[in-house]
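Observations on the three-dimensional arrangement
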Amino acid sequence: MMKEKYSLKDFRAINGMNFIERAKHFQLYIDQLDKNYHQPYYTQSINGINSKMVAIDNYTQEKQEVIAFVSNDYLGMSKNPETISAGIEAIKKYGTGACAAPIIGGYLDIHKQLEIKLANFLCYEDAYIFSSGFGTNAGVLGALMGKNDIALTDSFIHASVYDGLHETNIKSIGHNDLKYLEMTLKTVKDKYDTKLVIIDGVYSQNGDLGLLPEYLEICHKYGAQLMVDDAHGIGVFGENGRGTTEYYNILGQVDILTGTLSKSFGCVGGFVAASKEVIQYLKYYSRTSTFSAAPTPQVTASVIKAIDIIMEKPEIRQKLWHNTNYMKRRLLENGYDIKDTVSPIFPIMVRDNYLVKELALMLMQRGYYAVGICYPAVSNNEARIRASVLATHSENDIDGFVNAMNEINEKLHFKEFSSRKNKLKS
């Protein structure tokens, strides 16, 4: 198989090759990336990632200061002196790790404190924390969904959801497609024990919102339950930063709410919020928790402090929204296609896997780090630069990024290409 341009899709499954042979064959893709200097993946940072970072060039190994638009640390909590101090104190008291699964001794008193704080913050009876956000969705759904159940999933939900649905039935309902959801629920109404509709609060690649109130109403009408992954919403949306359920004025009404500790809270891990009975059930049946070490003391204490800051310092979130609105205005006035984003996530459409890598390379050469998103995160014809705006960016950072995009477009003409391709698709 020799092609001028490969994508990851070409190597996902190849008949007649074992995994060792597939891995060797995959070198064709890596060689192509290296030939074109298109390898922004696994770029090393020597000072962490936030709005400004020092990266090591994958090819020259030289250090380069860049303005980064790749972080999800929306409120800058990973570098906040108060969250850092809280984490250090926890390490001094508890050590560097819990070193056991929570069910057999790794459950610290601060784990319980964080769960109570999350439940109160999000208006639920109880909550449960996990060592990873990915493991949260996979573990929750693996525990709750069985052969007599069905999951009705938005087509743009996070990949972690599907890793929890191997033992159940799945039906894709399209993206924010209320009409199709209602038609499907009518069809499956009496066929399954559990009918769980799964959506995101904020969709991670397009930056648009799930239609939570409408989904909730339809679920109630047909005896279904609703699960919302609000990883990109909590800390960002709502008057008090409680996420899309607060934004839509339905706090605590969604059956299952999951989220991450790696975005607005600036750490790593995940959580689920629900009724006391559901949380108790998950504590015994969720394999990604019962067979995994508990979150570290530092993470736990830092997140507790981050929640306090979110509640006490709304000006940080206000700065995030100032930057978000400024970025949106600058991109739109320069004619970029950013889909229907209403969040700090900006999908700048290119619609070509090669062009988007070339654009990312030229941005990095100009001191701006934003990765091209291709398959499998999006379909082959939906490649885009995904830029995340943070509270820690300045207007000068945003101006520089947009100006660099304009300069590169004069050479690559990717705006025109994307527009033509979109018209052909529609």
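See the structure above.
So, here's what we can say about the structure. Just so it is clear, the model here is predicted, and its values are computed rather than measured.

Most of strand 8 (residues 225-229) is tucked away: 4 of the 5 residues are buried. The sheet contact formed by strand 7 (residues 195-200) and strand 8 spans 5 bridges and is parallel. Residue pairing for strand 8: leucine 196 is matched across the bridge by glutamine 225. Of the pairings in the sheet, the one linking strand 8 to strand 9 (residues 256-260) comprises 3 bridges and is parallel in character. Bridge pairing in strand 9 places methionine 227 opposite isoleucine 256.

The next point concerns helix 2 (residues 27-35). The complete set of buried residues in helix 2 reads Tyr29, Gln32 and Leu33. Down the axis, helix 2 shows its buried residues gathered within 100° of arc, on one side only. Buried residues belonging to helix 2 abut helix 14 (353-365). Tyrosine 37 sits one or two residues past helix 2 and shows a positive phi near 55°.

All right, on to the pairing of strand 5 (residues 150-153) then. The alternating pattern of strand 5 places Ile150 and Leu152 on one face and Ala151 and Thr153 on the opposite face, and all of these are buried. Looking at chain direction, strand 5 and strand 6 (residues 169-172) are connected through 4 bridges and run parallel. Residue pairing in the sheet places isoleucine 150 in a bridge with asparagine 169 of strand 6. Relative to strand 7, strand 5 runs parallel, the two being bridged by 4 bridges. Note on strand 7: the bridge partner recorded for alanine 151 is leucine 196.

Rules used throughout
- Residues numbered from 1 in each chain as written.
- Predicted model: local features only at pLDDT ≥ 70, side-chain atom pairs only at ≥ 80, totals over all residues.
- Heavy atoms only, no water.
- Buried < 20%, exposed > 50% of the residue type's maximum accessible area, 1.4 Å probe, protein only.
- Helix = DSSP H or I, 4+ residues; strand = E, 2+ residues; numbered from the N terminus.
- Pairing = 2+ DSSP bridges.
- Arc of directions from axis to C-beta.
- Contact = heavy atoms within 4.5 Å.

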